[in-house]
Amino acid sequence: MALRSFTSPASFAKTHKQIQPNKALPLFSISFSTPKCHAYTIKNPTTSLKAKPNFQLEDVIESQQFDRDLLNGIFEVAQEMEAIEKDVSSPGSNMLKGYLMATLFYEPSTRTRLSFESAMKRLGGEVLTTENAREFSSAAKGETLEDTIRTVEGYSDIIVLRHFESGAAKRAAATAKIPVINAGDGPGQHPTQALLDVYTIKREIGRLNGIKLGLVGDLANGRTVRSLAYLIAMYPDIKIYFVSPDVVKMKDDIKDYLTKSGVEWEESSDLLEVASKCDVVYQTRIQKERFGERIDLYEAARGKYIVDKKVLEVMQKHAVVMHPLPRLDEITVEVDDDPRAAYFRQAKNGLYIRMALLKLLLLGW
Amino acid sequence: MALRSFTSPASFAKTHKQIQPNKALPLFSISFSTPKCHAYTIKNPTTSLKAKPNFQLEDVIESQQFDRDLLNGIFEVAQEMEAIEKDVSSPGSNMLKGYLMATLFYEPSTRTRLSFESAMKRLGGEVLTTENAREFSSAAKGETLEDTIRTVEGYSDIIVLRHFESGAAKRAAATAKIPVINAGDGPGQHPTQALLDVYTIKREIGRLNGIKLGLVGDLANGRTVRSLAYLIAMYPDIKIYFVSPDVVKMKDDIKDYLTKSGVEWEESSDLLEVASKCDVVYQTRIQKERFGERIDLYEAARGKYIVDKKVLEVMQKHAVVMHPLPRLDEITVEVDDDPRAAYFRQAKNGLYIRMALLKLLLLGW
Amino acid sequence: MALRSFTSPASFAKTHKQIQPNKALPLFSISFSTPKCHAYTIKNPTTSLKAKPNFQLEDVIESQQFDRDLLNGIFEVAQEMEAIEKDVSSPGSNMLKGYLMATLFYEPSTRTRLSFESAMKRLGGEVLTTENAREFSSAAKGETLEDTIRTVEGYSDIIVLRHFESGAAKRAAATAKIPVINAGDGPGQHPTQALLDVYTIKREIGRLNGIKLGLVGDLANGRTVRSLAYLIAMYPDIKIYFVSPDVVKMKDDIKDYLTKSGVEWEESSDLLEVASKCDVVYQTRIQKERFGERIDLYEAARGKYIVDKKVLEVMQKHAVVMHPLPRLDEITVEVDDDPRAAYFRQAKNGLYIRMALLKLLLLGW
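Cut-offs applied
- Residues numbered from 1 in each chain as written.
- Chains lettered and ligands numbered in written order.
- Predicted model: local features only at pLDDT ≥ 70, side-chain atom pairs only at ≥ 80, totals over all residues.
- Heavy atoms only, no water.
- Helix = DSSP H or I, 4+ residues; strand = E, 2+ residues; numbered from the N terminus.
- Buried < 20%, exposed > 50% of the residue type's maximum accessible area, 1.4 Å probe, protein only.
- Contact = heavy atoms within 4.5 Å.
- Areas by Shrake-Rupley, 256 points an atom, 1.4 Å probe, with all protein chains shown as cover.
- Pairing = 2+ DSSP bridges.
- Axes fitted to C-alpha atoms, helices over the stretch in contact; angles between N-to-C directions.
- pLDDT = per-residue confidence, 0-100.
- Least-squares fit on C-alpha atoms with pLDDT ≥ 70 in both.
- Polar contact = N/O pair within 3.5 Å; in protein donor to acceptor, adjacent residues only side chain to side chain.
- Buried area = accessible area lost by both parts, 1.4 Å probe.
- Salt bridge = Lys/Arg side-chain N within 4 Å of Asp/Glu carboxyl O.
- Parallel < 35°, antiparallel > 145°, perpendicular 65-115°, else oblique.
- Left-handed = near helix turned anticlockwise from the far one by under 90°.
- Nonpolar A, V, L, I, M, F, W, Y, C, P; charged D, E, K, R; others polar.
- Phe/Tyr/Trp six-rings, centres within 6.5 Å; stacked < 30°, edge-to-face > 60°.
- Lys NZ or Arg CZ within 6 Å of the ring centre and 35° of its normal.
- Right-handed = clockwise from strand over helix to strand, strands pointing away.

Peer 1: Give a description of the overall build of chain A that names residues and reports values.
Peer 2: When helices and strands are counted, chain A shows 13 helices and nine strands. The proportion of buried residues among the 365 residues of chain A is 64%. In chain A, of all internal contacts separated by at least 6 residues, the share reaching a separation of at least 24 is 73%. For chain A, the accessible area works out to roughly 13,100 Å², and carbon and sulfur atoms hold 51% of it.

Peer 1: Let's hear about the sheet that holds strand E6 (residues 239–243) of chain A: which residues, and what values?
Peer 2: All names here are of chain A. Taken in spatial order, the five strands line up as E7-E6-E5-E8-E9 in an open sheet, and their pairing is parallel. Strand pairing shows two members of the sheet lacking a second neighbour, strand E7 (264–267) and strand E9 (320–322), which therefore form its edges. Between one strand axis and the next, the sheet turns by 20° as a mean value, whatever way the strands run. Direction of pairing for strand E5 (residues 212–216) relative to E6: parallel, over a ladder of five bridges. Note on E6: the bridge partner recorded for Gly-214 is Tyr-241.

Peer 1: Now, about the confidence of the model for chain A: what can you tell me, with residues and values included?
Peer 2: Residue and element names in this part refer to chain A. When pLDDT is averaged along chain A, the result is 87; 87% of the residues meet or exceed 70. Below pLDDT 50 for its whole length, residues 18–49 participates in 75 contacts with residues either more than four positions away or in separate chains. If you check the scores for this complex, the pTM reads 0.90 and the ipTM reads 0.88.

Peer 1: Kindly report on the relation of the copies chain B and chain C, identifying the contributing residues and their values.
Peer 2: Here the second copy of the chain follows from the first by a rotation about an axis and a shift along it. Of the two same-sequence chains, chain B is brought onto chain C (RMSD 0.0 Å, axial shift 0.0 Å) by a rotation of 120°. Classification of the inter-copy transformation places it as that of a three-fold axis. Here only 10% of the contact residues of chain B are again contact residues in chain C; the copies associate through non-equivalent surfaces.

Peer 1: Run through the environment of Glu165(A), naming residues and quoting values.
Peer 2: All names here are of chain A. Relative to the helices and strands, Glu-165 is located in the loop between strand E3 (158–163) and helix H6 (168–175). Taking the C-alpha atoms as reference, Glu-165 lies 7.2 Å from Pro-187; in sequence the two are 22 residues apart. If we skip the residues at most four places from it in the chain, Glu-165 touches Arg-171, Asp-185 and Gly-186. Side chain to side chain, Glu-165 and Arg-171 meet in a polar contact 3.5 Å long.

Peer 1: Can you break down the relation of the copies chain B and chain A residue by residue, with the values?
Peer 2: Mapping chain B onto chain A is achieved by rotating through 120° and translating by 0.0 Å along the same axis, at an RMSD of 0.0 Å. Interface overlap between copies is the fraction of interface residues in one copy that are interface residues in the other; for chain B against chain A it is only 9%, indicating separate surfaces.

Peer 1: Describe in detail the interface of chain B and chain A, supporting the description with residues and values.
Peer 2: Contacts between the two partners involve 32 residues from chain B and, on the opposite side, 31 residues from chain A. Taken over both partners, the interface formed by chain B and chain A buries close to 2,800 Å², and the fraction arising from carbon and sulfur atoms is 53%. It is Val88(B), Leu114(B) and Arg122(B) that lose the most area in chain B upon contact with chain A, and together they represent 22% of the buried surface on that side. At the surface where chain B touches chain A, the tally comes to five salt bridges. With its nearest N and O atoms 2.6 Å apart, the salt bridge here joins Arg327(B) to Asp147(A). At the junction of chain B and chain A, the tally comes to 12 residue pairs in polar contact (both at pLDDT 80 or more).

Peer 1: An account of the interface of chain B and chain C is requested, with residue identities and associated values reported.
Peer 2: On the side of chain C, 32 residues touch chain B, which itself brings 31 residues to the contact. Note on chain B versus chain C: buried area summed over both sides is about 2,900 Å², and carbon and sulfur give 53% of it. Inspection of the chain B/chain C interface yields five salt bridges. For Arg122(C), the salt bridge is made with Asp157(B), and the minimal N-O distance between the two is 2.9 Å. Linking chain B with chain C are 12 residue pairs in polar contact (both at pLDDT 80 or more). Within the residue set of the side of chain B that touches chain C, elements represented by two or more residues are strand E2 (126–130) and helix H5 (145–152) of chain B.

Peer 1: If you had to explain the sheet that holds strand E3 (residues 158–163) of chain B to someone new, which residues and values would you point to?
Peer 2: All names here are of chain B. Ordered in space as E2-E1-E3-E4, the four strands form an open sheet in which the pairing is parallel. Across the chains shown, the open sheet's two edge strands, defined by having one partner strand only, are E2 and strand E4 (180–185). Looking at each pair of strands side by side, their axes are set apart by 15° on average, direction ignored. The pairing of E3 with E4 spans four bridges and is classified as parallel. Paired with His-163 across the two strands is Asp-185, which belongs to E4.

Peer 1: I'd like a description of the packing of helix H5 (residues 145–152) of chain A against H6(A), backed by residues and values.
Peer 2: All names here are of chain A. For the pair H5 and H6, interaxial distance at closest approach is 9 Å and the crossing angle is 50°. Accordingly, the angle class assigned to the pair H5 and H6 is oblique. The crossing of H5 and H6 is right-handed. Residue-level inspection shows Leu-145, Glu-146, Ile-149 and Arg-150 of H5 in contact with H6, the latter providing Ala-168, Arg-171, Ala-172 and Thr-175. Tallied by class, residues from the contact of H5 with H6 come to four nonpolar, one polar and three charged.

Peer 1: Run through the pattern of salt bridges, naming residues and quoting values.
Peer 2: All names here are of chain A. Scanning the entire structure with this criterion turns up 90 salt bridges over all chains. Across the pair Arg-327 and Asp-336 runs a salt bridge whose closest N-O atoms are separated by 2.5 Å. Grouping residues by exposure puts Arg-327 and Asp-336 together as buried.

Peer 1: Please provide a residue-by-residue account of the packing of aromatic side chains, values included.
Peer 2: With the rule as written, the count across this model stands at 18 aromatic pairs over all chains. Judged by centre distance (4.8 Å) and plane angle (20°), the rings of Tyr230(C) and Tyr257(C) are stacked. Taken together, the positions of Tyr230(C) in helix H8 (residues 223–232) and Tyr257(C) in helix H9 (residues 252–260) put the pair 27 residues apart, joining distant regions of the chain. Here Tyr230(C) matches Tyr257(C) in class, with each residue buried. The ring of Phe116(A) has Arg354(A) sitting right over it, with the charged end atom 4.9 Å from the ring centre.

Peer 1: Can you tell me about helix H9 (residues 252–260) of chain A, naming the residues and giving the values?
Peer 2: Residues and elements named next belong to chain A. Buried within H9 we find Asp-253, Ile-254, Lys-255, Tyr-257 and Leu-258. Buried residues along H9 sit in contact with helix H8 (223–232), E6 and E7. Gly-262 sits one or two residues past H9 and shows a positive phi near 80°.

Peer 1: I'd like a rundown of unusual backbone geometry, residues and numbers included.
Peer 2: Peptide bonds are mostly trans, and most non-glycine residues show a negative phi. Omega for the peptide link from Leu325(B) to Pro326(B) comes to 0°, which places this bond in the cis form. Tracing the chain through its elements places Pro326(B) in the loop between strand E9 (320–322) and helix H13 (343–363). In this structure, Asp237(C) takes a positive phi of about 60° despite not being glycine. Relative to the elements of secondary structure, Asp237(C) occurs in the loop between H8 and strand E6 (239–243).

Peer 1: Would you mind going over the pairing of E7(A) in detail, with residue names and values included?
Peer 2: Residue and element names in this part refer to chain A. Across four bridges, E6 lies against E7 in parallel orientation. Directly across from Ile-240, in E7, lies its bridge partner Trp-265. Since E6 and E7 lie parallel, the crossover through H9 that links them has a hand, and here it is right-handed.

Peer 1: Help me get a handle on the environment of Leu357(C), residues and values and all.
Peer 2: Along the polypeptide, Leu357(C) turns up in helix H13 (residues 343–363). Setting aside anything within four residues of it in sequence, one finds Leu357(C) in contact with Leu57(C), Val60(C), Ile74(C), Ile181(C), Thr192(C) and Leu195(C).

Peer 1: An account of the side chain of Glu131(B) is requested, with residue identities and associated values reported.
Peer 2: Position of Glu131(B) relative to the elements: it lies in the loop between E2 and helix H4 (133–136). Here Arg113(B) takes part through its side chain, which lies 3.2 Å from a polar atom of the side chain of Glu131(B).

Peer 1: Which residues make up the pairing of strand E5 (residues 212–216) of chain C, and what values go with them?
Peer 2: Residue and element names in this part refer to chain C. A large share of E5 lies buried, amounting to four of its five residues. Where the polypeptide runs from E5 across H8 and back to E6, its parallel neighbour, the crossover connection is right-handed. Pairing geometry for E5 and strand E8 (residues 280–283), over four bridges, is parallel. Note that in E8 the partner of Gly-214 across the bridge is Val-281.

The following block contains the structure:
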């Protein structure tokens, strides 16, 4: 008899741990100035690359909970998922049969939701969906997130939470007896996006050590580039170039963190020169919604750094262009047909990363 | 060959009955002053507890269709569902494989919807979802509910209907050739909530005879407490205490019905005294939306009877606190960790009751 | 090993064709004045009725891509689907196990969405749903349809697209490496509705040759009647009667097309006389939204031609009433119980047609 609710590895680990160390901590802060590489769900990270980590992954809440060994472990599983996903009759396609994932989305994000739901279904699992929990659910009547979690955990085996408030995922994980995955909590974290970005660099370039990375566009507001800078800093010999309009420059907390971590970085206003040196040009969308009524500033910032044919011409043959999507015109469509345009492959890698995380949280290593 | 649409027990019973007695009846009224214990879907209730009822449950529309024997039969099946739900590899987990449930929700209710959809999927069935049929569907173009039902019954094996109009579920059931479950129709009925409440009392206290029940909070507007009072009155030696602000007192129809049914009841303004005597303290939310612009009355009513540590202190050891959820602050969070806080277990029991009903409607006893 | 993404027949055909002939074409026009019977997805239509077409159906985009042989092939498969749908334990119920359909709906249409999702699930496939992609997805941030398609094709095996812009489905199909089905693109096409209409005539009357068809109601704005007229014209000895208020008469492009195709047609203002002659009376809803502020014109048009008991009295015994639904009062409810009222059977036929198309696109003939 395979007991569902109490012996799935993450649930067992969650319900049997004697101390929940984060219960008394203040809500999660997005500042990286005090890096916590070994956060609460990682007790004993292993050091050998091809070995299973000797701990159970309990929740996926923030980039800081991952170290290199854990990342490598997840990436190995993600790569196994590529084969399962391609083969409709693979036995792996049934590994999550009987398991139920609840996608509790307090703000709509069709792309992220479909990616998680596809991941669950590609492994034979089932899904309960809420596309717009904020408007449609008891939250509208004033119910706390904690109460909602306590109810939904009774109907499912794992919760994927998207929320508009920073720290919501950590609160949910502290309440839930089943695993919680953070699918973005407001200006806070979006750890699966960070994982898929690093995984994409590894898959596209073939390594993570010694990567030269150009971060382009809205570096002030994009949680994506902040998380990526944080994670890539774990690897040796990294060089990062920041290329952004003045109004949306990378903030000091990340710069300080990189310096302390021994990562070389510099700011540049010459996209072509940076592109010619980098392994990865990571473009981002200028987020109009952050400019309020200053449409003039937005328009100026938006047109400044565009990845187009000219950028491709100076890029090295092995290098790639990435983007977290959606894009507007910061990458021109003429780039799409170039083999170095990796952004749709990157979106696809989100599927493999999420398949891997669902497998690890529900079945263990 | 297992024919789906015509020989599933409820469909067969529905399409082969010669008279549909309710077709000419006026729309369902929420008044309980003329109780109809043996309503139209119950032809020959049995009297032996452990035997299968010798009739087919066709639809689940209103509390009045249930009598004690039917409740006991459903509760036995619900308890079997607890084992199935816990074991991911249980054969029961596939009993509804190939069956399709349509959740037709004309007003959003994420909690109820997820509970039904989880129930269906825990038994191996599949789901078609409409989260907001009122806004998104042909209803917006003026289609009648009956026409919608005639279309949707062609795509599914059972319909779970949530509607904003009292009587909608009865109209749907009269039209549909497949079973219909009422998941709440406006100010009308929410029979699965009533069933899970009674089931929870049975599971928590161990019996239904001789229960002392304190109903607290908004007794005027809450269909939950009205239905619970109606159902519990079927059992012997019941005592009910009503504890509510004056503006939301229990209405006379239920009081009259209880008196006629031989149920002892009294009103009290002393929550502590009532709590010390009861097996079950059933707290409810004061529904702000019923007070219109009289926010002052709402605020006064809202703070009057709170279940907190002080109430727990006077409650007996075997007694429990229940609440239909969502709650605001009418039960303080300090109560949550007490083993007598039964409200999240109560929400979970909704899953077992709905699994049982789906099984009974689609496969029979 | 059954490779999913690259060897499903339609995907294989799509990704291996050397020329994509429509890439350079202007966006699809709804004018039928230049009929294109052999459109881009039909390379070598067969001529023998009971043989498999010797080409792979790649996408379902517009009525013009179908010819008689292809229609007959699809209808044969649809009829096989009727048996599969009725038998919960049929092996056919698992034929799409492991396949994932994404319903990408940019405008809500619950009826169409549920029909497609039911079709997929009746064959054992799984579904990713977006009920309202326009409001909830990256489209709101300015992402192009093409980018959305490139992302969603990474998460699924087939895309069902509903869009508010004419030509959207053709653009999506040109982008996607997986099959795309048009579930209605604005004022453009709704080809599965057209197929189910013709299939219904065949199932109800027993043949398609020599049909006498009365098209009633809003003939100017209804894409349904336009597509039906277009498809039925492929069969010999067709006679069409147009019965409509003056403000919503059939447009000249269809009339010219019918004349060129050798189809006899006439306009009439005598519904009873037409009904007495026809095999099929196809009633439609007058679309209020097309009249703007001229409510007076709408009200006049709306009441003019009603299918009621009097129409039934003059209709032949073998004839049927059809309607694409939803209906308001253009068919009175008293008609519903007559065996010649075929409109709910017609809705059900949509399920069989969509099951057939999903099977053909994912598994081939």
